[in-house]
Amino acid sequence: MLRGKKIRLLPTPEQEILFWKSAGTSRWAYNYFLARNEEQYKTYLANGRKGKKNISEGIIRKEINNQLKPITHQWLKEVGSNVMKQAVKEAGRAMKKFLSGAAGRPKFKTKRRTTPRFYVNYESLTRKNGGFHGEKIGFVRTAEPLPKIPKGCHYSNPWISFDGKYWYIGFGYEVPDRLNVELTGDSIGIDLGVKELAVCYAFGERKKTVFKNINKTKEVHRLEKKLRREQRRQSRKFTANIDHYETVQRNEKKTGRRPIWKRPIRECRNIERQRQRIILLHRRLKNIRENHIHQTTAAIVKTKPSRIVMEDLNVKGMMKNRYLAKEIASEKFYEFRRQMEYKCEPYGIQLVFADRFYPSSKTCSHCGHIKKDLKMNNRTYICPACGHVIDRDLNAAINLAKYFKSEIA
């Protein structure tokens, strides 16, 4: 089984400069491929949808290596050859998805909005004491040692990225498919929500466990308040730098306007410093939320049940509720599901997803009666048939713990 790992790097100032050059090369190669294919696709449409739709990755790589690299783009020689090659491959995959209708039109990567990242050749990446050795970048120190792998094996798909504060290397490596652990035979139902992140019920032990919503803590509220304040401050800086507006024709019907700056934004150091403050606040909030999900999923899996049942939530539909969209997005339900999937696999725990239309909240966990008129603001479930009174989320978790597809069918 392939497991992912992300480790913080401790580069020297010279290596950090090389990292920035590599990230810039990767972004340039991605955009160059898209630009050439945009031209080709427009030609294809102008010719009545006849001829070639796109230019292949191999042709673009040959064009860069044989025409640009020796003459006008000699700076490409300063970084590893696989940096450009992999960026072109990534752009090629995005273009194929667009042409097949599986995804929308790929967008160009920008310097300010795109995460700086680049590929490291997996064949030349070797583990060393205190770090690793990579193509062109040499020996790089790491905050923790890379996991040991068998001789002759390689770390798969290594990428180096920058999160606004530190550089990291992410890669995959093989681990045993199954761990020799004895499961309890219990069944756990997990009800995800906004009030609490997860309400769990162990059917065998008759035990309830509640994992809090980290977004309701004092620290997260403080950081969100600070983020709003810093964003308003940035907005005032942009407004103060506007000289006047220029009317532009966006398409045949609409007209818009764009600001004309007194000074170019790149030369405004105060705006750049303010942007960096906002990036770090977003990073801090993201890390708090993801760390809480990691701790929650690990605590559930380490109880070693034989079976875990979760709801198959329609998160896209839930996000259409404008009153709860922000809270639902902050809870990261898909990330919770993703972590449960890969953490259950080594233990051999059966992870079951209840049918999307299974009425876990409306069904009485005591007698099985379905209360069809249950509303969102009813936080306590009162059964009209047997009079059973129970917390709404706990009632759903009990029903999920008892869920069997054969019985529902």
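From a predicted model like this one, the values you see are computed outputs, not experimental measurements. (Residues numbered from 1 in each chain as written. Predicted model: local features only at pLDDT ≥ 70, side-chain atom pairs only at ≥ 80, totals over all residues. Heavy atoms only, no water.)

Enquirer: Explanation requested: the overall build of the protein chain in the structure shown.
Expert: Within the protein chain, the regular secondary structure consists of ten helices and 16 strands. Dimensions along the principal axes, computed over C-alpha positions, put the protein chain at roughly 80 × 60 × 50 Å. Buried positions account for 40% of the 409 residues belonging to the protein chain. Taking the intrachain contacts of the protein chain between residues at least 6 apart in sequence as the baseline, contacts between residues at least 24 apart amount to 65%. A gap of 5 Å separates the mean positions of the 88 positive and 40 negative side-chain charges of the protein chain. (Helix = DSSP H or I, 4+ residues; strand = E, 2+ residues; numbered from the N terminus. Buried < 20%, exposed > 50% of the residue type's maximum accessible area, 1.4 Å probe, protein only. Contact = heavy atoms within 4.5 Å. Lys, Arg positive; Asp, Glu negative; His and termini not counted. Charge placed at Lys NZ, Arg CZ, Asp CG, Glu CD.)

Enquirer: I'm lost on the state of the cysteines in this one. Help?
Expert: Working definition of a disulfide: a covalent bond connecting the sulfur atoms of two cysteines. Tallied over the full model, the rule gives zero disulfides. Cys200 supplies the cysteine sulfur nearest to Cys344, a cysteine that is in no disulfide, at a spacing of 11 Å. (Disulfide = S-S within 2.5 Å.)

Enquirer: How should I be thinking about the packing of helix α1 (residues 13-46) against helix α2 (residues 57-68) in this particular structure?
Expert: A pair of packed helices can be characterised by two numbers: the angle between their axes and the separation between those axes. Contact geometry for α1 and α2: axes closest at 11 Å, N-to-C directions at 115 degrees. When you trace α1 past α2, the crossing you get is right-handed. Contacts between α1 and α2 involve Trp28, Tyr32, Phe33 and Arg36 from the first element and Glu57, Ile60, Glu63, Ile64 and Leu68 from the second. Taken together, the residues of the contact of α1 with α2 break down into six nonpolar, no polar and three charged. (Axes fitted to C-alpha atoms, helices over the stretch in contact; angles between N-to-C directions. Left-handed = near helix turned anticlockwise from the far one by under 90°. Nonpolar A, V, L, I, M, F, W, Y, C, P; charged D, E, K, R; others polar.)

Enquirer: What is the right way to read the packing of aromatic side chains from this model?
Expert: Any aromatic ring pair is given by two values, namely how distant the centres are and how the planes are angled relative to each other. Evaluation of the coordinates by the stated rule reveals 14 aromatic pairs. Ring geometry for Tyr41 versus Phe98: centroids 5.6 Å apart, planes at 70 degrees, classification edge-to-face. On the criterion of sequence distance, the pair formed by Tyr41 in helix α1 and Phe98 in helix α3 (residues 81-100) is long-range, its members being 57 residues apart. Overall, Phe98 belongs to the buried group, its relative accessible area being 16%. (Phe/Tyr/Trp six-rings, centres within 6.5 Å; stacked < 30°, edge-to-face > 60°.)

Enquirer: Quick question: what am I supposed to make of the sheet that holds strand β13 (residues 307-311) here?
Expert: The strands that make up a sheet pair up through hydrogen bonds in the backbone, lying either parallel or antiparallel. The mixed open sheet is built from five strands, whose spatial order is β10-β9-β8-β13-β14. Here the strands that pair on one side only, and so sit at the sheet edges, are β10 (207-211) and β14 (350-354). Averaged over all neighbouring strand pairs, the angle between strand axes comes to 20 degrees, with direction disregarded. Bridging between strand β8 (residues 187-192) and β13 involves four bridges; their strand directions are parallel. Counterpart to Gly189 in the pairing with β13 is Val309. In this fold helix α9 (residues 392-401) packs onto β8, β9 (198-202), β10, β13 and β14, with an angle of close to 140 degrees to the strand it touches most, β8. (Pairing = 2+ DSSP bridges.)

Enquirer: Explanation requested: the nonpolar core in the structure shown.
Expert: Among soluble globular proteins, nonpolar side chains are generally buried collectively. By size, the foremost hydrophobic cluster in this structure holds 23 residues, and its most contacted members are Leu9, Phe19, Phe118, Phe132, Ile160 and Ile169. Looking at this core, the elements that each hand over two or more residues are β1 (2-10), α1, β6 (156-162) and β7 (167-174). Excluding residues that lie within four positions of it along the chain, Ile160 makes contacts with Leu9, Phe19, Pro116, Arg117, Phe118, Val120, Phe132, Ile137, Trp167, Tyr168 and Ile169. If you look at the next biggest cluster of nonpolar residues, it comprises 21 residues, including Val301, Ile308, Phe333 and Cys344. (Core = buried A, V, L, I, M, F, W, Y, C linked by side-chain atoms within 4.5 Å.)

Enquirer: Would you take a moment to explain the pattern of salt bridges for this structure?
Expert: Proximity of charged atoms lets side chains of opposite charge pair with each other. In total, this model carries 21 salt bridges according to the counting rule given. The partner of Glu272 in a salt bridge is Arg112, with the nearest N and O atoms 2.5 Å apart. Of the two residues, Glu272 sits in helix α5 (residues 269-301) while Arg112 sits in the loop between α3 and β2 (117-119), which places them 160 residues apart along the sequence. Taking relative accessible area as the criterion, Glu272 reaches 29% and is therefore assigned partly exposed. Three or more residues are tied together by salt bridges with common partners; here these are Asp312, Arg337, Glu341 and Arg356. (Salt bridge = Lys/Arg side-chain N within 4 Å of Asp/Glu carboxyl O.)

Enquirer: So what exactly am I meant to see when it comes to the sheet that holds β2 here?
Expert: Taken in spatial order, the seven strands line up as β2-β6-β7-β1-β5-β4-β3 in an open sheet, and their pairing is antiparallel. Whereas interior strands pair on both sides, the edge strands pair on one side only; in this sheet they are β2 and β3 (126-128). Neighbour to neighbour, the strand axes of the sheet diverge by 35 degrees on average, direction disregarded. Sheet analysis places β1 next to strand β5 (residues 138-142), joined by two bridges and oriented antiparallel. Opposite Leu9, over in β5, you have Thr142 as the bridge partner.

Enquirer: Explain the environment of Asp355 here, please?
Expert: Its place among the elements puts Asp355 in the loop between β14 and β15 (380-382). For the pair Asp355 and Phe336, spaced 19 residues apart in sequence, the C-alpha separation works out to 18 Å.

Enquirer: Would you explain helix α8 (residues 333-347) in this entry?
Expert: The α-helix advances 3.6 residues per turn, and as a result positions three or four apart in sequence lie on the same side. Relative to the 21 Å expected for 15 residues at 1.5 Å per residue, α8 spans 22 Å between its end C-alpha atoms, a close match to the ideal helical length. Buried within α8 are the following residues: Phe333, Glu335, Phe336, Gln339, Met340, Lys343, Cys344 and Pro346. Each buried residue of α8 lies within a common arc of 150 degrees when the element is viewed along its axis, so the set occupies one face. Residue Gly348 follows α8 closely and has a positive phi angle near 75 degrees. (Expected span 1.5 Å × (residues − 1). Arc of directions from axis to C-beta.)

Enquirer: Help me out: how do you make sense of the pairing of β6 in this one?
Expert: If a strand is regular, its side chains alternate between the two faces of the sheet. Along β6, five of the seven residues are buried, which leaves the element largely enclosed by surrounding structure. Of the pairings in the sheet, the one linking β2 to β6 comprises three bridges and is antiparallel in character. Each bridged residue has a counterpart across the sheet, and for Phe118 the counterpart in β6 is Ile160. Both β6 and β7 contribute to a ladder of five bridges, which runs antiparallel. Opposite Ser156, over in β7, you have Gly172 as the bridge partner. Where β6 folds back on β7, the antiparallel hairpin that results is connected by four residues, among which Gly164 adopts a positive phi of roughly 105 degrees.

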